[in-house]
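Residues per chain, in single letters:
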Amino acid sequence: MPTPTKGPRLGGGPAHERLILANLATSLFEHKRITTTEAKAKRLRPLAERLVTFAKRGDLHARRRVLTVVRDKSVVHELFVEIAPQMAERQGGYTRITKIGPRKGDNAPMAVIELVLEPVSPKQAVVREATKAAQKAAPKAEETPAEETPAEETTVEETATDAPEAAAADTKDEADKA
């Protein structure tokens, strides 16, 4: 059993707080974005992300675990069929909280919490693949030391081309001092 939160809860008691968060999660998955107070948005984020992780698994047990929180079967179906496939490439960070101005009536700080449905940028995927390829190639490079000699030649050429630029920079520094 998880430890209860310290301090004041969102509702009157822990059961009311669970119901509030369940209703917020249901609305979030139904409408893809909701406007609520910052405190509720911050408390909803871990719950919503855990439910999306269950939906990404996609098995029957995960569906039943989500149904214990989100009681609307049509919303759970939408979560598993539409939202989870869009989040398949994402490692985490399924929600985004954006702070907006205070509420007019009681000046409560408001925020918009929304699902991040944009695809993961291909640049990040390419960088990830390149690092994996570099790690695989590193043991092969250690086995063949003959390939290291061309690398030394390129460094000599690079330093030769950089030498005039460095000399020009030194003359600028001397001119500035004078």
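About the thresholds
- Residues numbered from 1 in each chain as written.
- Predicted model: local features only at pLDDT ≥ 70, side-chain atom pairs only at ≥ 80, totals over all residues.
- Heavy atoms only, no water.
- 1 Å grid on protein atoms, 1.4 Å probe; cavity = no way out; pocket = protein on both sides within 12 Å on 5 of 7 lines; lining within 4 Å.
- Points joined across faces, edges and corners; volume = space filled by probe spheres on them.
- Helix = DSSP H or I, 4+ residues; strand = E, 2+ residues; numbered from the N terminus.
- Nonpolar A, V, L, I, M, F, W, Y, C, P; charged D, E, K, R; others polar.
- Expected span 1.5 Å × (residues − 1).
- Bend = angle between axes of the 7 residues up to and from the residue.
- Buried < 20%, exposed > 50% of the residue type's maximum accessible area, 1.4 Å probe, protein only.
- Contact = heavy atoms within 4.5 Å.
- Pairing = 2+ DSSP bridges.
- Axes fitted to C-alpha atoms, helices over the stretch in contact; angles between N-to-C directions.

Asks: How should the layout of surface pockets be read in this particular structure?
Replies: Space left empty within the atom packing is revealed by a probe, the size of a water molecule, rolled over the atoms. Taken as a whole, the largest pocket holds about 860 Å³ of empty space. If you trace the largest pocket, you find 26 residues lining it, with P2, R18, L21, L47 and R50 closest to the centre. For the lining of the largest pocket, the secondary-structure elements that each account for two or more residues are helix 1 (14-31), helix 2 (38-57) and helix 3 (60-69). In terms of residues, the lining of the largest pocket owes the most to one element, helix 1, which gives nine residues. Among the residues forming the lining of the largest pocket, the class breakdown is 14 nonpolar, five polar and seven charged.

Asks: Got a minute to help me understand helix 4 (residues 73-86) in this structure?
Replies: Since one α-helical turn is 3.6 residues long, residues separated by three or four positions face the same way. Between its first and last C-alpha atoms helix 4 spans 20 Å; for 14 residues at 1.5 Å apiece the expected length is 20 Å, and the two agree. At L79, helix 4 is deflected by roughly 35 degrees, the largest bend along its length. Those residues of helix 4 not exposed but buried are V75, V76, E78, L79, F80, I83 and A84. Residues of helix 4 that are buried sit in contact with helix 1, helix 2, helix 3 and strand 3 (109-115).

Asks: What is the right way to look at unusual backbone geometry in this model?
Replies: Residues other than glycine predominantly adopt negative phi, and peptide bonds predominantly adopt the trans conformation. Here K32, not a glycine, exhibits a phi torsion of approximately 75 degrees, which is positive. Accessibility expressed as a relative area gives 23% for K32, which makes it partly exposed.

Asks: What is the right way to read the pairing of strand 2 (residues 95-102) from this model?
Replies: The side chains of a regular strand alternate, first on one face of the sheet and then on the other. Strand direction decides the pairing type here: strand 2 and strand 3, joined by seven bridges, are antiparallel. Across the sheet, residue R96 finds its bridge partner in strand 3, namely E114. Turn length for the strand 2-strand 3 hairpin, with the two strands adjacent in sequence and antiparallel, is six residues, and the turn residue N107 shows positive phi of about 65 degrees.

Asks: Explain the sheet that holds strand 1 (residues 33-37) to me, please; I cannot follow it from the model alone.
Replies: For sheets, the rule is that strands pair by backbone hydrogen bonds, running either parallel or antiparallel. Strand order in the open sheet formed by three strands is 1-3-2, with antiparallel pairing between adjacent strands. Every other strand in the sheet has two partners, leaving strand 1 and strand 2 as the edge strands with one partner each. Adjacent strand axes in the sheet meet at a mean angle of 25 degrees, parallel and antiparallel pairs treated alike. In terms of strand pairing, strand 1 meets strand 3 through five bridges, oriented antiparallel. For T36, the partnering residue across the bridge sits in strand 3 and is A111.

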